[in-house]
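# Summary of the model geometry
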Protein chains: 2
Amino acid sequence: MMNRQIVLAARPTGAAGVEHFRLQEAPIPSVGEGEVLVKTRFFSVDPYMRMRMNDVKSYAPPQKLNEVMGGGSAGIVVESRFSGLVAGDAVVMGGGWQEYALLPGKTLRKVDASALPLEAYLGPAGMTGVTAWHGLFNIIAPKAGETVLVSAAAGAVGSVVGQLAKQVGARVVGVAGGAEKCRHVVDDLGFDACVDYKAGDLAAALQAACPDGIDGIFENVGGVVMDTALRHINTFGRVAICGLISGGYGGGKMPMADITMLLTQRVLVKGFILSDHADVFPVALPALATKVAAGEIKWRRTITRGIENGAAAFIGMLAGANIGKALVEV
Amino acid sequence: MMNRQIVLAARPTGAAGVEHFRLQEAPIPSVGEGEVLVKTRFFSVDPYMRMRMNDVKSYAPPQKLNEVMGGGSAGIVVESRFSGLVAGDAVVMGGGWQEYALLPGKTLRKVDASALPLEAYLGPAGMTGVTAWHGLFNIIAPKAGETVLVSAAAGAVGSVVGQLAKQVGARVVGVAGGAEKCRHVVDDLGFDACVDYKAGDLAAALQAACPDGIDGIFENVGGVVMDTALRHINTFGRVAICGLISGGYGGGKMPMADITMLLTQRVLVKGFILSDHADVFPVALPALATKVAAGEIKWRRTITRGIENGAAAFIGMLAGANIGKALVEV
């Protein structure tokens, strides 16, 4: 039996495409002391992976060429030589884009697949949810009555940000691309409003949706959406920069049109990456799992079936084809 | 006896000039209960005043047309109907650009003009020094061995920032315009290096001066200096935005060329204005006065004599004609 894997075949110079990946087969390795072999059920395709495809210094080391694409995944233990896990256990791991992952047992997180669907632990009850939690509570720290703007509001992180912000009494406005996403953001997720940035006059729509200005921006996108939002930022506003996907992460520049408001409104801007904040997980993970199980955090996933479609799922996610968490079911 | 005053005569549409001000005479008002009449000795001309000349919402309310230009000043009490002050006392006040100021006694700060020259209380031992203190210690919070970059390093605020940062063991690099300012910054103020942004290859000079990257940026200028510095920012870098004078404060946009590093290096950017931070004064003022008196904070002033030259002094300061604190001696 062989292990099918997707490796990075070439580094893109501009937009990433499926041609930069290669599906290959490799033998399933034998399990050493302390190791665990896991059959992958789902792997996550995330914007940050595009940045790792570049061979430049960034917050994550570059993805190596001809090696299995790294990333979060979830599956079922097949064989364990690690004391804390046995065959059949459901685990979340950094297993990457492959059918079987062999990992040190101590790097796996055992999860309760009867409490939540397994893939939830890659989404709102996993790193995705904790990312939302950290940026919202530890950087924006919204107060009741404040207005929080969330870009990529229909995405995996944005959808959780908005629901958490609603729960502390903020007015929550999403920005998303297209009527279907905006409908989902308002009707299903409960945001107060959602601005369709593809629909025309972004500035007027943002102003109408944020009559009291904007106190916090959870930024996943950058570019014109952020620039427009900043024109409405209130005194002591906070901007958590989680992603800048509108720039494509291809190594090009991502300008900010006008930083005058950062001075005159005394705004805080903070870029973050969750891997710096291990201390947040023990706080956020149990709370998030409880909220997801109770239906207090609603979520959708866009699941692509078959590892052979993994690269296409990733490229589609970069283009905004997904609603909610983008996953590949192996 | 009349009171000569400079009022704002017109709002500039582009660059500010002396033609936007008018020198006028007014009667010296009589002193009411709780009030104090002060003969101005010095008034301060500061970059933020340019912003107040615009009729737009900003951190300070607009300067009103045909009213005395507001701002910090220092002088000697002529007549007091306030219990805490008597004629002859030296005070610092918000007296603006005029020969005599009538103010509520409770708004005046009595200072010891025998410990320091009176004008020091408008400079390193006054709001200027506290501005440096707050941005450096409360936003950048440099550690020993870190590199702090200070733009407008020969200016009133920047010169204090760099000396305070040296005292906590940081490597301090200034940016200033011209060889004379850079010489002053290194030889007189003790910065480790100073980059002359007018001298040519700013990027190469910054890189050479900051071999270990940049951990903190005290930003007074914005534009190409800030953009270039940000390319060298280290992980968890902090940027305190105190001013953006390169934009001229005329209402135009001040772009940032590339914010990618804010995300990938997890940088904090914070705009601030000292008037939000009244709590810093009681901590910083005594410490600054002690350091200035002990020669641990060196400072220069560029003094323009005669209120009739006040507007020209202000316009010159905006163009960078001053070294150290820009003051008008009345």
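In the block above lies the structure referred to throughout.
Being a predicted model, the structure only gives us computed values, none of them experimental.

The rules behind the values
- In every chain, residue numbers begin from 1 and rise along the written sequence.
- Written order determines the labels here, with chains lettered from A and ligands numbered from 1.
- The predicted nature of this model means local features are confined to residues of pLDDT at least 70 and side-chain atom pairs, given and counted, to a pLDDT of 80 or more, with totals for whole chains, interfaces and linings taken over all residues.
- The side-chain numbers reported here are obtained from all heavy atoms of the structure, hydrogens and water having been left aside.
- A least-squares fit on C-alpha atoms brings the copies together, and the residues used are those whose pLDDT is at least 70 in both copies.
- In what follows, a contact means two residues having at least one pair of non-hydrogen atoms within 4.5 Å.
- The term buried area denotes the loss of accessible surface (1.4 Å probe radius) that occurs when two parts are joined, taken as the sum for both partners.
- Only one rule defines a salt bridge in this text: a Lys or Arg side-chain nitrogen within 4 Å of an Asp or Glu carboxyl oxygen.
- Runs of E in the DSSP output that reach at least two residues are strands. Runs of H or I that reach at least four are helices, and both are numbered from the N terminus.
- Charged means Asp, Glu, Lys or Arg here, nonpolar means Ala, Val, Leu, Ile, Met, Phe, Trp, Tyr, Cys or Pro, and polar covers whatever is left, Gly included.
- Geometry is summarised by axes, namely lines fitted to C-alpha atoms with helices restricted to the contacting stretch, and by angles between N-to-C directions that run from 0 to 180 degrees.
- Any angle from 65 to 115 degrees is called roughly perpendicular, while one under 35 is roughly parallel, one over 145 is roughly antiparallel, and all others are oblique.
- Helix crossings fall into two classes, left-handed where the near helix is turned counterclockwise from the far one by less than a right angle and right-handed where it is turned clockwise.
- Buried, partly exposed and exposed residues are distinguished by accessible area as a fraction of the type maximum, computed with a 1.4 Å probe on protein chains only: under 20%, between the cut-offs, and over 50%, respectively.
- To pair, rings of Phe, Tyr and Trp, with the six-membered ring standing in for Trp, must have centres within 6.5 Å; the planes then decide the type, stacked if under 30 degrees apart, edge-to-face if over 60, and tilted in the middle.
- Charge over a ring is defined by NZ of Lys or CZ of Arg lying within 6 Å of the ring centre and within 35 degrees of the ring normal.

### Some details on the relation of the copies chain B and chain A
With an RMSD of 0.0 Å, the operation that places chain B on chain A is a rotation of 180 degrees combined with a shift of 0.0 Å along the axis. Taken together, these values place the two copies in the relation of a two-fold axis. Most of the interface of chain B is mirrored in chain A, where 100% of its interface residues again form contacts.

### Overview of the interface of chain B and chain A
With 33 residues of chain B at the contact, the number on the chain A side is 33 residues. Both faces considered, chain B and chain A share a buried interface measuring about 2,800 Å² in area, 62% of it formed by carbon and sulfur atoms. Our count for the contact surface shared by chain B and chain A stands at 2 salt bridges. One salt bridge connects Asp276(B) with Arg266(A), and the closest N-O pair in it is separated by 2.7 Å. Contributions of two or more residues to the side of chain B that touches chain A are made by β12 (233–241), α7 (260–264) and β13 (268–271) of chain B. Split into classes, the residues belonging to the side of chain B that touches chain A amount to 20 nonpolar, 7 polar and 6 charged.

### Some words on the packing of helix α2 (residues 127–140) of chain A against helix α8 (residues 281–293) of chain A
Residue and element names in this part refer to chain A. Packing of α2 against α8 brings their axes to within 9 Å, and their N-to-C directions diverge by 115 degrees. Taken together, the axis directions place α2 and α8 in an arrangement best described as roughly perpendicular. Viewed along their axes, α2 and α8 form a crossing whose handedness is right-handed. On α8, the residues that touch Met-127, Gly-129, Val-130 and Trp-133 of α2 are Phe-281, Val-283, Ala-284, Leu-285, Ala-287 and Leu-288. The class makeup of the residues in the contact of α2 with α8 is 9 nonpolar, 1 polar and no charged.

### As for helix α9 (residues 310–318) of chain A
Residue and element names in this part refer to chain A. With 7 of its 9 residues buried, α9 lies for the most part within the structure. Inspection of α9 places Gly-310, Ala-311, Ala-313, Phe-314, Ile-315, Gly-316 and Met-317 among the buried residues, and these make up the whole buried set. Taken together, the buried residues of α9 touch β1 (2–8), β2 (21–27), β3 (35–44), α1 (48–52), β14 (301–305) and β15 (325–329). Positive backbone phi, approximately 85 degrees, marks Gly-320, located one or two places after α9.

### Observations regarding the packing of aromatic side chains
Scanning all chains against the criterion turns up 12 aromatic pairs over all chains. Between Phe21(A) and Phe314(A), the ring centres sit 5.8 Å apart and the planes meet at 80 degrees, which makes this aromatic pair edge-to-face. Of this pair, Phe21(A) sits in strand β2 while Phe314(A) sits in helix α9; the two residues are 293 residues apart in sequence, bridging distant segments of the chain. The burial state of Phe21(A) is the same as that of Phe314(A); both residues are buried. The positively charged end of Lys39(A) is found above the aromatic ring belonging to Tyr100(A), 5.4 Å away from the centroid. Across from the ring centre of Trp299(B), 4.0 Å away, lies the NZ or CZ of Arg301(B), which sits over that ring.

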